[in-house]
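Here's the letter readout for the chains.
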Amino acid sequence: MTPENKIKELVEQVYKLDITSKSRQASFVQARSIFFKMCLQYTRLSQTKIGAMVNRDHATVIHAMKQWEVFERFIPGFKENYNFIKASFIELKMYPDVKKRMSLDELLIKYNDLLVKYDELSAKFEQSKNCKCGKCVS
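Residues numbered from 1 in each chain as written. Predicted model: local features only at pLDDT ≥ 70, side-chain atom pairs only at ≥ 80, totals over all residues. Heavy atoms only, no water.

1. Regarding the overall build of the chain
Here is step 1 of the chain: A tally of regular secondary structure across the chain gives seven helices and zero strands.
Here is step 2 of the chain: Going from the N terminus to the C terminus, the chain shows its helices and strands as α-α-α-α-α-α-α.
Here is step 3 of the chain: Over its C-alpha trace the chain gives a radius of gyration of 20 Å, far above what one expects of a compact globule, namely 14 Å for 138 residues.
Here is step 4 of the chain: Each of the three principal axes of the chain carries a C-alpha extent, and together these read 70 × 40 × 20 Å.
Here is step 5 of the chain: In the chain, the share of contacts with a sequence separation of at least 24, taken over all contacts with a separation of at least 6, comes to 54%. (Helix = DSSP H or I, 4+ residues; strand = E, 2+ residues; numbered from the N terminus. Rg over C-alpha atoms; globule rule 2.2 N^0.38 Å. Contact = heavy atoms within 4.5 Å.)

If you want it as structure tokens, here you go:
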């Protein structure tokens, strides 16, 4: 699988949509912008070819890159999604032959489980600070 196809697959998994759709809804625009940026960074494809992969022209790619800073600054979760997709892509490039891989959904579930456990442990730690028994850590 080519790098641009891997990037497209990762973006579509994270956003749970088909970025080749003609939709101009915000989530589609954001997903395509991430696809464009990563293709420009990690492939040697021209802007015309990158745009054609998602049924757009080179001007759309240029416009998306001009809007990048606005997306990062004002759209909640956009930067996190980009960083997650980028990290996943780099990991795939570094370890392409690894047989057992977790899906993005599995990773998200495990991450959320860790957040819940962290919150529980933090609450227990705060309680132990207030304990006067002498056995708890203060």
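Picking up after the structure, the text goes on.
2. Here's the deal with the packing of aromatic side chains
Here is step 1 of the chain: Under the criterion given, the structure shown has five aromatic pairs.
Here is step 2 of the chain: Here F71 and F78 contribute two aromatic rings whose centre-to-centre distance is 5.4 Å and whose plane-to-plane angle is 55°, an arrangement assigned as tilted.
Here is step 3 of the chain: By relative accessible area, which is 12% here, F71 ends up buried.
Here is step 4 of the chain: F78 sits in the buried class, given a relative accessible area of 0%.
Here is step 5 of the chain: Through a chain of ring-to-ring contacts, three or more aromatic side chains come together here, namely W68, F71, F78 and Y82. (Phe/Tyr/Trp six-rings, centres within 6.5 Å; stacked < 30°, edge-to-face > 60°. Buried < 20%, exposed > 50% of the residue type's maximum accessible area, 1.4 Å probe, protein only.)

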